[in-house]
Amino acid sequence: MITGKTNVVGVIGDPVEHSLSPIMHNAAFNHLKLDYVYVAFHVKKGMAKEAIEAMKTFNIKGLNVTIPHKVRILKYIDEIDETAKLIGAVNTLKLEKGKVWGFNTDGIGCVRALEEVTNLKGKNVIILGAGGASRAITFQLASSNVGSLHILNRTPENAKKIAEDIKEKLGIKVFAGGLEHLKEKIGDADILINTTPVGMYPNIDARPLATADILHENLIVKDLVYNPPQTRLLKEAEKAGAKTISGIKMLVYQGAESFKIWTGKEAPTSIMEKAILKTIR
Ligand code: ATR
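Residues numbered from 1 in each chain as written. Predicted model: local features only at pLDDT ≥ 70, side-chain atom pairs only at ≥ 80, totals over all residues.

- The protein chain has the name Shikimate dehydrogenase (NADP(+)) in an unreviewed UniProt entry, where Methanothermobacter tenebrarum is given as its organism.
- Under the UniProt heading Function (unreviewed entry), the entry covering the protein chain gives this text: "Involved in the biosynthesis of the chorismate, which leads to the biosynthesis of aromatic amino acids. Catalyzes the reversible NADPH linked reduction of 3-dehydroshikimate (DHSA) to yield shikimate (SA)." (UniProt positions renumbered as here; feature names shortened; annotations may be inferred.)

1. Focus on the overall build of the protein chain
- Each helix and strand in the protein chain was counted, giving ten helices and twelve strands.
- Relative to its length of 281 residues, the protein chain is compact, with a C-alpha radius of gyration of 19 Å against a globular reference of 19 Å.
- Considered along the principal axes of its C-alpha atoms, the protein chain spans approximately 60 × 40 × 30 Å.
- Counting all 281 residues of the protein chain, 44% fall into the buried class.
- Considering only residue pairs separated by 6 or more positions, the protein chain has 66% of its internal contacts joining residues 24 or more positions apart. (Helix = DSSP H or I, 4+ residues; strand = E, 2+ residues; numbered from the N terminus. Rg over C-alpha atoms; globule rule 2.2 N^0.38 Å. Buried ≥ 20, exposed ≤ 12 C-beta atoms within 10 Å, placed from the backbone. Contact = placed C-beta atoms within 7 Å.)

2. So, the confidence of the model for the protein chain
- Counting all residues, the mean pLDDT for the protein chain is 97, and 100% of those residues have values of 70 or more.
- Interface confidence in the predicted complex, given as ipTM, is 0.97; pTM for the same model is 0.93. (pLDDT = per-residue confidence, 0-100.)

3. Brief notes about the UniProt feature "domain: Shikimate dehydrogenase substrate binding N-terminal" (unreviewed entry) in the protein chain
- Those places that UniProt annotates as "domain: Shikimate dehydrogenase substrate binding N-terminal" (unreviewed entry) correspond, in this numbering, to residues 11-93.
- Counting secondary structure, residues 11-93 comes out at 34% helix and 22% strand; the distance between its end C-alpha atoms is 10 Å.

4. A look at the sheet that holds strand E9 (residues 175-177)
- In space, the six strands of this open sheet follow the order E9-E8-E7-E10-E11-E12, with parallel pairing throughout. At either margin of the open sheet sits one strand with a lone partner, and together these are E9 and strand E12 (243-245). Each strand axis lies, on average, 15° off the axis of its neighbour in the sheet, ignoring direction.
- As judged from the three bridges shared by strand E11 (residues 220-223) and E12, these two strands associate in the parallel manner. In the strand pairing of E12, Val-221 is matched with Thr-244.
- Contacts from helix H5 (residues 132-142) reach strand E7 (124-128), strand E8 (148-152) and strand E10 (191-194), with the element oriented near 170° to E8. (Pairing = 2+ DSSP bridges. Axes fitted to C-alpha atoms, helices over the stretch in contact; angles between N-to-C directions.)

5. Some details on the nonpolar core
- Counting residues in hydrophobic clusters, the biggest one holds 81 residues, and the most contacted among them are Met-55, Leu-63, Val-125, Ile-151, Val-252 and Met-272.
- Broken down by element, this core gets its largest block of residues, eight residues, from helix H9 (residues 247-263).
- Counting contributing residues per domain, this core is built from domain 1 (7-103 + 249-280) and domain 2 (107-245), each supplying no fewer than three.
- If we ignore the near neighbours within four places in the chain, the residues touching Met-272 are Met-24, Ala-27, Ala-28, Val-252, Gly-255, Ala-256 and Ala-267. (Core = buried A, V, L, I, M, F, W, Y, C linked by C-beta atoms within 7 Å. Domains from an automatic or database assignment.)

6. What to know about the site of the ligand
- Taken together, 14 residues form the shell around the ligand, and within it Gly-131, Gly-132, Ala-133, Thr-155 and Thr-196 come nearest.
- The biggest single contributor to the shell around the ligand is H5, with three residues. (Near = placed C-beta within 6 Å.)

Shown next as structure tokens:
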């Protein structure tokens, strides 16, 4: 029941009405009987400063931040955590003692989902795409003892920019190039992560690879696309004998990290996953 004492958390973005975060977090709060409610706030582009002021004014304890505010909101935040600073974007805010703290749980969410099925040490990883999610994940993996990292992207310059930043900030070498390198690199790869929107509803027949015959059984294939939960890439990877991880896991695990930042408690990830699957099926 919502009372005068209920803690308010939520998500700000534009668009925001299709966000699955309210469903996933409210299911978790109900399950653990925590006095929190999670709502979606439609905050238009250019209104990040006002959103931070509103967070303080209304005593909103936590916020997720999504498109288009993840980078632009940085300059209005009081304290930014080291990982978010490295990545250059936030997806989670916490109000504590009148100050707004910024975090980024996208990378750690992805790493947790991978660690559920494998030990990352020494693994060769290929990341497709060079947008915000790719950046967060590549930075996190670069700090996770993996063997090698390759970012391949439609626009190679965008991949190179991430690789240069990682070299400068972490001193770690990352290969960056165009998608044409996939064929030569995938044979030695252990993990393939798709961070592009290719395959997302309604274009469910698309896949981020030119052909599926390069997929092999020693791969773990992770897709960030979660609608549909079984993308064409994942179906074909499964057929090739590879292990697959659905985009739902990333959604749940980045949310679980935010949940922990706000409540100090471990999130009930299987309850969150069930709530999402029930909604999108
Ligand atoms: P996010 O920030 O959420 O990760 P994004 O900024 O839209 O998402 O980034 C998506 C990535 O997927 C980009 O690297 C984009 O390639 P470009 O850098 O060339 O723009 C890539 N991408 C988007 N649509 C694509 C497509 N149809 N084929 C291949 N790559 C695509």
